[in-house]
Amino acid sequence: MPELPEVEALAAFLRERMTGRVVAKVEVGAINVLKTYDPPPTALQGLLVTGVDRHGKWLDVDVDGLHLAIHLSRAGWLRWSDALPKAPLRPSGKNPVALRVRLAPEDDEDPESPPGFDLTEAGTQKRLAVHVVKDVAQVPGIASLGPDPLDDSFDLDAFRGLLSGSRQQVKGLLREQSVLAGVGNAYSDEVLHVAKLSPYASAGKLPAADVERLYEALRTTLTDAVAAASGKPAKELKDAKRAGMRVHGRTGQPCPVCGDVVREVSFADRSMQYCATCQTGGKPLADRRLSRLLK
Ligand SMILES: [Zn+2]
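Residues numbered from 1 in each chain as written. Predicted model: local features only at pLDDT ≥ 70, side-chain atom pairs only at ≥ 80, totals over all residues. Heavy atoms only, no water.

Student: For this particular structure, what's the right way to read the layout of surface pockets?
Tutor: If a probe the size of a water molecule is rolled over the atoms, the empty space left behind becomes visible. Reported here for the largest pocket is a volume of approximately 840 Å³. Lining the largest pocket are 32 residues, with Met-1, Pro-2, Glu-3, Arg-74 and Lys-241 sitting closest to its centre. When residues of the lining of the largest pocket are traced back to their parent elements, those giving at least two are β5 (76–81), α5 (185–195) and α7 (237–243). When residues in the lining of the largest pocket are grouped by element, the largest group, four residues, is from α7. Considering only enclosed or pocket space, the second largest pocket measures out at about 220 Å³ in volume. Lining the second largest pocket are 15 residues, with Tyr-187, Thr-221, Asp-224, Ala-225 and Gly-244 sitting closest to its centre. Of all elements in the fold, only α5, α6 (208–229) and α7 reach the threshold of two or more residues within the lining of the second largest pocket. Broken down by element, the lining of the second largest pocket gets its largest block of residues, five residues, from α6. (1 Å grid on protein atoms, 1.4 Å probe; cavity = no way out; pocket = protein on both sides within 12 Å on 5 of 7 lines; lining within 4 Å. Points joined across faces, edges and corners; volume = space filled by probe spheres on them. Helix = DSSP H or I, 4+ residues; strand = E, 2+ residues; numbered from the N terminus.)

Below is the structure:
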């Protein structure tokens, strides 16, 4: 799933290619991705793209005051094309393309094959979400977002405020979008590894020094990831994300800091990775699913 750094890079990528251009057509391939119906997606047609922003893991294409808000979710992706297929996209259960945005062609472009993007979704779990709204605050998933960890105003005090009184485990807190916007399963693993903290540590009870280290780890990990992703074309972002990981998705490989093996705890629908030597005093964490299976 794309998280803050990838969505930030996607927003920049789209901003560069779309701002100042007119949306010619919005075609829907999978009607279930549309979470709003008024205004309809066709309302964007003929309007000028005035900006592209990011809110947490949401992309926000500002089309002259109307917003196309996109959440790629776990298996969704955005595919840019300098020359889209000529044939119109038709709604179909089998179509991997859920939505297509065609720009109005410019003089040097094939009028039938203009640039634009496709939103695709792999797999059977359909969670890609597209909203067309007059104000992004009308999207519940955006309205409820916590502070952005890369915002200038997000200082150590603000971070302390989020943790104080929390009964959550720190891993869960970091990826809770209403607490902190943009961090998901992958970057929370990375941040905790950099901070040398157990994912199970109680967020509200962390000693002051740990909170400070966690804050630094959060800011540096995300800042570095944004820098690594920025300027990359949309199609290279997934691989770039994977390549930049220290522990996430690297079960069985050596920890780049201490050489211990990267371990995993799996849940029904995801898993997390950590280094016992760096993060949990050398003790492997209980894997609830595994221990349940062994009983
Ligand atoms: Zn280690």
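Student: What should I look at first to understand the environment of Lys-235 in this one?
Tutor: Its place among the elements puts Lys-235 in the loop between α6 and α7. The spacing of Lys-235 and Leu-78 is 157 residues in sequence and 8.1 Å in space, taken between C-alpha atoms.

Student: Before we go on, may I ask you to explain the coordination of the zinc ion in this structure?
Tutor: Reference values for angles at a metal are 109.5 degrees in the four-donor tetrahedral case and 90 or 180 degrees in the six-donor octahedral case. Those protein atoms acting as donors to the zinc ion are Cys-255 (SG), Cys-258 (SG), Cys-275 (SG) and Cys-278 (SG), and they sit at 2.2 to 2.4 Å. Taken together, the four donor atoms surrounding the zinc ion define angles of 97 to 113° at the centre, an arrangement classified as tetrahedral. A relative accessible area of 11% means that Cys-278 is categorised as buried. (Donors = N, O, S within 2.8 Å, 3.2 Å for Na, K, Ca; no water. Tetrahedral: all angles 85-135°; square planar, octahedral: opposite > 155°, others 65-115°. Buried < 20%, exposed > 50% of the residue type's maximum accessible area, 1.4 Å probe, protein only.)

Student: Please explain the pairing of strand β2 (residues 49–55) as it appears in this structure.
Tutor: Along any regular strand the residues' side chains alternate between the sheet's two faces. For β2 and strand β3 (residues 58–63), the ladder comprises six bridges, and the chain directions are antiparallel. Residue pairing in the sheet places Arg-54 in a bridge with Leu-59 of β3. A loop of two residues connects β2 with β3, the two strands running antiparallel in sequence, and Gly-56 in this loop sits at a positive phi of about 55°. (Pairing = 2+ DSSP bridges.)

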